[in-house]
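An overview of the molecular structure
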Amino acid sequence: MKKTYFLILAVAICVILAGYILNIPQIINFVDKTIRLMRNVWIAVPALIFTFVATGKRYWLSLVICGLIDAVLVQWLVWHNSSIGIESTLMMAFAFLTIAYFINLVRVIFRG
């Protein structure tokens, strides 16, 4: 399990570095928007809660569903955006999953 988490982290770092070194605007904008959304309290707090609450066989599937629900609710209730776009919803869900990934990475590292 530890090996899988580090492999995902290594691939993500390589893609991000390649995007910044080769100046690929799609990757740069995607990373910037994800980091901005990860700092949003309405995404970070539910991600933290659901990461520790969700258990079971289909752990990541339940986190994906919770991330999508959280993204839709944030757009609808907090930002009062009646036209929910697919790109912004998926970006928020990705930020939710990125937070969950980093929390699980820390848990795997300290678990040994």
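Described below are features of the structure shown in this document. (Residues numbered from 1 in each chain as written. Predicted model: local features only at pLDDT ≥ 70, side-chain atom pairs only at ≥ 80, totals over all residues. Heavy atoms only, no water.)

**Re the nonpolar core**
Note the following rule: By convention a nonpolar core is built from buried Ala, Val, Leu, Ile, Met, Phe, Trp, Tyr and Cys residues, the set being connected through side-chain atoms within 4.5 Å. Buried, partly exposed and exposed residues are distinguished by accessible area as a fraction of the type maximum, computed with a 1.4 Å probe on protein chains only: under 20%, between the cut-offs, and over 50%, respectively. The secondary structure listing takes helices from DSSP runs of H or I that are at least 4 residues long and strands from runs of E that are at least 2 residues long, numbered from the N terminus. Whether two residues touch is decided by their heavy atoms; if any such pair falls within 4.5 Å, the residues are in contact.
With 16 residues, the main nonpolar core has Leu37, Ile43, Leu63, Met92, Phe96 and Ile99 as its most contacted residues. For this core, the secondary-structure elements that each account for two or more residues are helix 3 (41-53), helix 4 (59-78) and helix 5 (86-111). Here this core takes seven residues from helix 5, the largest share from any one element. Not counting chain neighbours up to four residues away, the residues in contact with Met92 comprise Leu37, Ile43, Ala71, Val74, Gln75 and Trp79.

**Things to note about the side chain of Asn40**
For the record, the criterion: Polar contacts, as counted here, are pairs of nitrogen or oxygen atoms within 3.5 Å of one another; within protein the pair requires one atom able to donate a hydrogen and one able to accept it, and residues that are adjacent in sequence qualify only if both atoms are side-chain atoms.
Relative to the assigned elements, Asn40 resides in the loop between helix 2 (25-38) and helix 3. Reaching out from Asn40, the side chain makes a polar contact with the backbone nitrogen of Trp42 at a distance of 2.9 Å.

**With respect to a nonpolar patch on the surface**
Formally: Patch membership requires more than 30% relative accessible area and the absence of a salt bridge. Residues of like charge join within 9 Å; the nonpolar side chains Val, Leu, Ile, Met, Phe, Trp and Tyr join within 5 Å. For the area figures, the Shrake-Rupley method with a 1.4 Å probe applies, and any residue is considered shielded solely by the protein chains shown. Counted as salt bridges are all cases of a side-chain nitrogen of Lys or Arg within 4 Å of a carboxyl oxygen of Asp or Glu.
Among the surface-exposed residues, Leu61, Ile65, Ile69, Val72, Leu73, Trp76, Leu77 and Ile84 lie close enough to one another that they form a single nonpolar patch of about 720 Å² accessible area. Tracing the chain through its elements places Leu61 in helix 4.

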